[in-house]
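Read off the chains here:
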Amino acid sequence: MKTKHPKRLSLSSLLVLLVTGVAAVTVVLSSTVFISLYTAALRNNAATGAEQSVMQSVGAISNYTAGAGMLLERIVEELESETTAQQLRTGFEMMVEMRDDLAGIAVYTMHGELLDCWAPGKVRKERVGTLQMENIKPDAAGLYYTTPHVQNIYPDYYPWVVTIARPVELDRYGTEILVTIDLQFSTIAGYMDDVGIGQHGYSFIMDDNGGLVYHPQQQLIYAGLKQENTEPLASLEDGIYTDADAIRVIRSLPLGHWRIVSVCFLDELVRQPQQTALWLIFCSVSGALCILLAAGLLVARLVSRPIHRLVAQMHDFELAAADFVYTPVSGTSEIGVLSDSFEHLVLRIQNLMDEVKKEEETLRKTELKALQAQINPHFLYNTLDSIQWMCEVGRTEEAVKMVGALARLFRISISRGQDLIPIRKEIEHAESYLIIQKFRYKNQFSYRFEVEESVLDCLCSKITLQPIIENAILHGFGEFVDNGEIVISAKAVGDHIELCVRDNGIGMDAQKCALVLSQDTSGQSGIGIKNVADRIRIFFGAEYGIRVESEPDVGTSVYILLPQIRGEDT
Amino acid sequence: MTAQTDRKGFFRKRKSGARRAGMLLLLFLLAGCTMTEQTLQPQKQKVAVIVKSTESAFWKSVLAGANAAASEYNIDFSFEGPQDEEDWETQNQLIDRAIEDGAGAIVFSAIDYEASVQALERAAELGLHIIIIDSDVKSERVSVRIGTDNFKAGQRAAYALLNTSDKLKIGMVGFDTHSENGRKREQGFEDIVSGETGAEIVAKINCVSQSDLVKKETEALLRAHPEINAIVTFNELTTLGVGYAIEALGLGDQIRVVGFDNNVISVGMLETGEIDALIVQNPFAMGYLGVEAAATLLSGKNPPSDKVDTEVRAISREDMYTEQNQKFLFSFTENIRS
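To start, this report covers the structure provided alongside it. Remember, it's a predicted structure, so these values are computed and weren't measured experimentally.

Definitions and cut-offs
Residues numbered from 1 in each chain as written. Chains lettered and ligands numbered in written order. Predicted model: local features only at pLDDT ≥ 70, side-chain atom pairs only at ≥ 80, totals over all residues. Heavy atoms only, no water. Axes fitted to C-alpha atoms, helices over the stretch in contact; angles between N-to-C directions. Helix = DSSP H or I, 4+ residues; strand = E, 2+ residues; numbered from the N terminus. Parallel < 35°, antiparallel > 145°, perpendicular 65-115°, else oblique. Contact = heavy atoms within 4.5 Å. Nonpolar A, V, L, I, M, F, W, Y, C, P; charged D, E, K, R; others polar. Pairing = 2+ DSSP bridges. Phe/Tyr/Trp six-rings, centres within 6.5 Å; stacked < 30°, edge-to-face > 60°. Buried < 20%, exposed > 50% of the residue type's maximum accessible area, 1.4 Å probe, protein only. Lys NZ or Arg CZ within 6 Å of the ring centre and 35° of its normal. Salt bridge = Lys/Arg side-chain N within 4 Å of Asp/Glu carboxyl O.

## Structural notes on the packing of helix 3 (residues 88-100) of chain B against helix 4 (residues 117-125) of chain B
All names here are of chain B.
- Packing of helix 3 against helix 4 leaves a shortest axis separation of 9 Å and a crossing angle of 10°. By the angle between their directions, the pair helix 3 and helix 4 is classed as roughly parallel. Across the interface between the two elements, Asn92, Ile95, Asp96 and Ile99 of helix 3 pack against Ala119, Leu120, Arg122 and Ala123 of helix 4.
- Partitioned by chemical class, the residues of the contact of helix 3 with helix 4 number five nonpolar, one polar and two charged.

## A closer look at the sheet that holds strand 3 (residues 105-108) of chain B
Residues and elements named next belong to chain B.
- If you walk across this open sheet you meet the six strands as 2-1-3-4-5-11, and the pairing is parallel. Two strands in the sheet have a free side with no partner beyond their single neighbour: strand 2 (75-80) and strand 11 (307-309). For this sheet, the mean inter-axis angle between neighbouring strands, taken without regard to orientation, is 15°.
- Pairing analysis gives four bridges linking strand 1 (residues 45-50) to strand 3, with the strands arranged parallel. Looking at the pairing, Ala48 lines up with Ile106 of strand 3.
- Sitting on the sheet, helix 3 is in contact with strand 1, strand 2 and strand 3, with an inclination near 175° to strand 1.
- The sheet contacts of helix 10 (residues 283-298) involve strand 1, strand 2, strand 3, strand 4 (129-133), strand 5 (144-147) and strand 11, and relative to strand 4 the element is tilted by about 165°.

## Some points on the environment of Ile423 of chain A
Residues and elements named next belong to chain A.
- Looking at the secondary structure, you find Ile423 in helix 10 (residues 423-440).
- Each C-alpha atom, one on Ile423 and one on Thr464, is 9.8 Å from the other, the two residues being 41 residues apart in sequence.
- Setting aside its immediate chain neighbours within four residues, Ile423 contacts Val455, Leu456, Cys458, Leu459, Cys460, Ile497 and Leu499.

## Description of the sheet that holds strand 15 (residues 484-493) of chain A
All names here are of chain A.
- The five strands are arranged 13-15-16-18-17 in an open sheet whose pairing can be described as mixed. Unpaired on one side and paired on the other, strand 13 (445-451) and strand 17 (545-551) mark the two borders of the sheet. The mean inter-strand angle of the sheet, taken between neighbouring strand axes irrespective of direction, is 15°.
- Here eight bridges tie strand 16 (residues 496-503) to strand 18 (residues 555-563), and the two strands are oriented antiparallel to one another. Along strand 18, the bridge assignment pairs Asp503 with Thr556.
- Across the sheet, helix 11 (residues 465-477) touches strand 13, strand 15, strand 16, strand 17 and strand 18, and the angle it forms with strand 15 is around 150°.

## Here's the deal with the packing of aromatic side chains
- All told, the structure shown has 24 aromatic pairs over all chains when counted by the stated rule.
- Aromatic side chains Trp160 of chain A and Phe332 of chain B sit 5.9 Å apart centroid to centroid with 55° between the ring planes, which places their arrangement in the tilted category. Of this pair, Trp160 of chain A sits in strand 5 (residues 160-169) while Phe332 of chain B sits in the segment after helix 11 (323-329), on two different chains. The pair formed by Trp160 of chain A and Phe332 of chain B is uniform in burial state, with each residue classed as buried.
- Ring geometry for Tyr222 of chain A and Phe332 of chain B: centres 5.6 Å apart, planes at 90°, overall edge-to-face. One end of the pair, Tyr222 of chain A, is in helix 4 (residues 218-222); the other, Phe332 of chain B, is in the segment after helix 11, on a second chain.
- Using a relative accessible area of 9% as the deciding quantity, one classes Tyr222 of chain A as buried.
- By relative accessible area, which is 2% here, Phe332 of chain B ends up buried.
- An aromatic cluster is present here, built from Trp160, Phe185, Tyr214 and Tyr222 of chain A together with Phe332 of chain B joined pairwise through their rings.
- Between the NZ or CZ atom of Arg547 of chain A and the centre of the ring of Tyr559 of chain A, over which it lies, the distance is 4.3 Å.

## A few points about the pattern of salt bridges
- By the definition in use, this model includes 36 salt bridges over all chains.
- A salt bridge links Asp96 of chain B to Arg122 of chain B, with the nearest nitrogen and oxygen atoms 2.9 Å apart. On the criterion of sequence distance, the pair formed by Asp96 of chain B in helix 3 and Arg122 of chain B in helix 4 is long-range, its members being 26 residues apart.
- Exposure remark for Asp96 of chain B: the relative accessible area of 26% places this residue in the partly exposed category.
- Residues Asp309 of chain B and Lys307 of chain B are paired through a salt bridge, measuring 3.2 Å at the closest nitrogen-oxygen approach.
- Residue Asp309 of chain B is classed as partly exposed on the basis of its relative accessible area, which comes to 44%.
- Given the relative accessible area of 52%, Lys307 of chain B is considered exposed.
- Several salt bridges converge on common partners, so that one network encompasses Arg448, Glu450 and Glu485 of chain A.

Written out as structure tokens, the structure reads:
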């Protein structure tokens, strides 16, 4: 009857799941922690980098504007001095020539009308533009910085410039005027164009109102291809500002209301490295998990495969136990122990099976033997011969006795197929046998019974005493039957019953004693002592049986130990 | 029996488990390989920019724009054009050379609407992307078209010319009749003028785009039709030629002139009166957007649109120095990198 087991997880699956599960959880947790730390570090780096790039630019541009301020000072000094217009012209034109980024020096009225201008090799147009000074506040040094515009003074010359103006009262002009320099962006571009963090980061200059002063992509912005949204930035204080896409750092310059903004993109500085890190972690973790999985499977194999081999062998054993040959299963030490235990189990069971088989055989043999003995021709017709002779010579009483003994002998031998009979009956059986044998051996031996009443109702295996007595007669007395005596006793000894067949025959040495108990008398007539002993053992257990004591030339005693089992107990 | 089949099934499961794990591992290794490919620097793509000429301020602006886009998108580009703006044969040769040089895309401005179609379509067959800037060709194989809406530009020129109380007798000085944008501009102009009662087109000539030749032909036109008090002309070089003619004849105050495009000289003439209004295009944007579209196509993506109209402004003497017009009229980068 097979017991149905509920669907349970196999050992290997459990092992693998456990190992991989724990590993996965650990790794995910530590990766999350790492990634967040890493991202934070990247952001910090980006912000720091942006700030540094701004400070660089601030330094450079500050120097630049300070230099411009100083230049303006010098120009004003020149104008204040006594130099002639011609000398002024030479001097100023040389100044403009020497500086790459100076597009011209000019003097305007406070309303922006051009009074004088100097640039090498150029003469002013008739119609020139007015200087737009609306909404421009002076800076800390009292200078005015315009927004970028196209210089509109000289013919066929239209550079983009920023005009720096200094109001001053000059004797030369008699009234307050604006002394200006027009600065081109070449030098500023040189400072600003390559400053930036990352491949796409950059810096630009804007003024207080958010108007662009210089941007590395100014042409693109003017052509409408790009936009730099400076309005929201204009209202912000100096500082570091992070939004979804970029980090912007704003710093004001000390002069001219200019502010430098550095933009770096989180995408390339944070998001991409982050994604790369995530991807790398993911790949290596997956790889590690796969390896773990494989290792787990391998280990599980080491454990569960042997177990399954074991199970398979058990199954084979179940099907064909007797012929089963066990192949040891190897694996871990526990598996080895299991394997050995199973091997012992198999051998033990096989032994037990053999024993049972043998016991059955013994029992069957006894049946057979008993049957044989029962129809042992020699014994039978010798006895019948004797009976016949007795009848012929008229010894009818003896004949009656013999017939009766014979009948009793056979009846008890059969005992209606029962294996266990009361001792009473066994004694009867023995006595019947003795009666017959005594006559056959012409009263050359005597016998007597010493039987305790109490044991008569206890059971013993049938045909126990008779073979021993037979032995005693045949071997104990042999030819020298004279004065032989057989005493059969039965008494209770403690919890047990002891039967004894004692004779005063020739006796045996120790070797022969042992031989008697071990020799199987198959093939010979009659049931041997071994058979008796075997049956006692079978029916009552190994602690009961036969013991032979013998002394050569003194006699032999055969003790039979039985338990006290009364008839109702069976 | 059941126990036996369980046993077999179990072993099968073990084997497939190992196989599955092996396949997963392989997958991750492959993924890793493709990722490393991504992080490696991509090779620079080649783009051939073939324009009508490389000398005038217009095309120099196109070059500046193309340059800006090329450095932004990491593109290797060549910038070529024939000596004069009528030589479509050289353009076709340049197309062939671009194919041989292994360009991935051609940014093209066509001298002739039809004569370059075959060469371009051959390039398209071989897998090159075709992007048109400024002047179109008659072909379906063009991926993106970037340029001025020339018909509208012609209309703007008409509006600018008509922005006066005088009755106008107009002389039209066109350029190459095979050029698509030339034709379209003339059509746009005529479209507006034909509906005006106070204006009349007196004469129309088409010149080769060389300023000295145009100067001569304009002078001849004015001598032939002294009643002309307004001239419209449709590209940079014809504008210069007309300007020179007006200057030479001293008729700046008498003749109202509307021209196209901006360079230092025509802007100067705008100030001094030979020219009254300029229809200014955005060649920087054309060059930039052209190369940008090429970069997008070469990276396997589709550009946002297959037709882009770049900005056109009518700028007159009165408003040429407004903040917005300054930005449009005067190049920023030219004046830094001198």
